[in-house]
Amino acid sequence: PDGHKYLGAAIGQEDFCKAFLQKKIADWTHEIKDLTIIARSQPHAAYSAFTHGIVGRWTYALRTSQDDSTLLRPLENCVQEQLIPAILNRDPLNPTERKLLALPARFGGLGLIIPENLTSEYVHSQNITRPLVQKIVQQELSLDDTLYLHDTLKASVQKYKQEQLKSSADAIESQLSEHLKRAVLLAKEKGASSWLTVIPVEEHGYYLPDKCPCGDSFNVDHALSCPTGGFPTMRHNEIRDIFGGLLGKVCTDVQIEPVLQPLSGESFSGRCCTRDDEARLDVKANAFWGDTFQRTFFDVRVFNANAPSYRGTTISSCYKRHEQEKKRKYEQRIRHVELASFTPIIYSCTGGCSSLTNTCVKRLASLLSVKTDNPYSMTINWVRCRISFALLRSSIACLRGSRCKPSSYGHVLDTNIRLATAESGLAH
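Residues numbered from 1 in each chain as written. Predicted model: local features only at pLDDT ≥ 70, side-chain atom pairs only at ≥ 80, totals over all residues. Heavy atoms only, no water.

Caption draft 1: Region of interest: helix 3 (residues 73-88). Here helix 3 is 16 residues long and its end C-alpha atoms lie 21 Å apart, about the 22 Å a rise of 1.5 Å per residue gives. Residues of helix 3 that are buried include every one of L75, E76, C78, V79, Q80, L83, I84, P85, A86 and I87, and no others. Each element contacted by the buried residues of helix 3 is listed here: helix 1 (14-39), helix 2 (43-64) and helix 4 (95-102). Just past helix 3, the residue N89 takes up positive phi, approximately 55 degrees. (Helix = DSSP H or I, 4+ residues; strand = E, 2+ residues; numbered from the N terminus. Expected span 1.5 Å × (residues − 1). Buried < 20%, exposed > 50% of the residue type's maximum accessible area, 1.4 Å probe, protein only. Contact = heavy atoms within 4.5 Å.)

Caption draft 2: Up close: the pairing of strand 5 (residues 295-303). For strand 5, the tally of buried residues reaches seven of nine residues, placing the bulk of the element in the interior. Sheet topology note: the strand 4 (residues 283-286)/strand 5 ladder contains four bridges and is antiparallel. Residue A285 lies in a different strand from strand 5, and its bridge partner there is T296. Pairing of strand 5 with strand 6 (residues 341-348), which is carried by eight bridges, proceeds in the parallel orientation. The residue of strand 6 that forms the bridge with F297 is F342. A crossover links strand 5 with its parallel partner strand 6, the connecting element being helix 10 (residues 315-338), and its sense is right-handed. (Pairing = 2+ DSSP bridges. Right-handed = clockwise from strand over helix to strand, strands pointing away.)

Caption draft 3: Layout of the sheet that holds strand 4. One open sheet accounts for four strands, arranged 3-4-5-6; its pairing is mixed. Because the sheet does not close on itself, it has two edges, and the strands there are strand 3 (252-256) and strand 6. In this sheet, adjacent strand axes meet at a mean angle of 20 degrees when their direction is disregarded. Of the strand pairs in this sheet, strand 3 and strand 4 are connected by three bridges, and their pairing is antiparallel. Counted as the bridge partner of I256 is V283 from strand 4. Strands in contact with helix 9 (residues 232-250) are strand 3, strand 4, strand 5 and strand 6; relative to strand 5, the strand with the most contacts, it is inclined by about 150 degrees. (Axes fitted to C-alpha atoms, helices over the stretch in contact; angles between N-to-C directions.)

Caption draft 4: Looking closely at the packing of aromatic side chains. The tally for this structure, following the rule as stated, stands at eight aromatic pairs. Ring centres of F288 and F298 lie 5.3 Å apart, and the angle between their planes is 85 degrees; this geometry places the pair in the edge-to-face category. Placement of F288 in the loop between strand 4 and strand 5 and of F298 in strand 5 is noted, with a sequence separation of 10 residues between them. Overall, F288 belongs to the buried group, its relative accessible area being 0%. With a centroid separation of 5.5 Å and 75 degrees between ring planes, the pair formed by F303 and Y319 is classed as edge-to-face. Separated by 16 residues along the polypeptide, F303 in strand 5 and Y319 in helix 10 bring together distant segments of the chain. Judged by its relative accessible area of 4%, F303 is buried. Under the relative-accessibility criterion, Y319 is labelled buried at 5%. An aromatic cluster of at least three residues, connected via ring pairs, comprises W28, F50 and W58. (Phe/Tyr/Trp six-rings, centres within 6.5 Å; stacked < 30°, edge-to-face > 60°.)

Here is the structure:
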């Protein structure tokens with residue numbers, strides 16, 4: 001025979017390997033067509049199957065088989081003209097939008113890769129495995145520094161890929177409209193795209209509703225703009241409750257909506273400082289920033305950074321503005337009357353947060369990692385993912401006018417973080 005199939009790859013004459021790959025590509029194209037049918041009713045599940053399953057098999061095959069990129073054109077046509085429109089419920093993309101969606105989520109894309117871009121995987125694979133191949137060919141049993149060299153080459157390839165992605169992302173961003181640039185900037189914020197990178201496992205709270213009550217298919221843009229209903233406090237309460245639940249795991253004397261002490265003649269320099277005797281904040285906890293008896297008050301605000309009133313303002317300025325409003329309203333009273341510290345929790349409804357909130361989340365993850373004996377990197381990604389899904393679900397409920405009861409976060413404290421991370425494919 002001209003060749004053999006070995007470990008999912010072809011070994012042999014060029015014609016045999018080419019025919020083997022052509023059959024693979026034909027099978028993949030049929031899989032994409034089947035996935036398109038699923039995407040029309042379950043877009044998140046289809047998207048997850050593509051990014052977590054199908055792409056991995058493509059990458060492996062193209063790492064082990066040298067390919068002419070023209071063979072992959074029919075596969076890309078199927079992805080671009082059938083799968084992506086079904087997932088996004090929109091017309092086919094223009095070339096710039098297609099390149100944008102091919103970027104990883106951390107660069108503001110969706111990780112819907114262009115198959116032809118995978119042809120470089122074969123060369124990278126050759127470079128990384130060359131030291132091991134030489135040992136096998138020479139039948140040498142001693143690896144010496146070969147494994148270290150292998151890891152060094154692998155790290156070098158990873159660095160090269162990251163630089164290429166960054167360069168591509170910058171080039172694509174320069175071609176986008178101002179509206180799309182802002183959307184990409186929001187999507188690139190830490191934690192904003194966590195929900196895109198996990199497998200939708202309902203048991204761990206990683207799931208999305210299928211349809212909007214108005215009858216339209218669900219997508220993020222629709223959820224943020226649908227005029228049906230409006231419950232902004234529901235979105236706020238989702239974050240308040242999840243923060244309160246997580247703080248209860250690592251802090252003492254945690255209270256939801258604690259009432260401030262009534263004033264007894266105190267005066268404040270700030271005109272905006274609240275003087276209401278029944279004023280209350282969202283959460284209070286002891287031993288968060290300091291020792292056991294140091295109290296911290298938290299107050300939550302979630303806003304839509306794409307609202308018309310913010311479009312002429314930079315995102316960082318939006319966060320700063322909301323932080324300052326909260327501080328002007330509460331901080332002076334909390335410091336002088338409650339003798340405590342104040343931390344505003346500011347999120348955009350797309351999942352990004354202010355720099356102070358990010359510091360707060362890091363501190364919370366650090367305390368949780370010690371308490372649960374889990375790695376910090378795993379814990380902070382888990383926390384960000386929970387908040388990302390909470391914001392997404394509550395924004396949908398808020399903007400679509402849903403009358404369903406908000407999700408309860410009482411079970412968050414009992415969640416096995418390692419299990420949730422493993423089953424959902426959450427990176428750490």
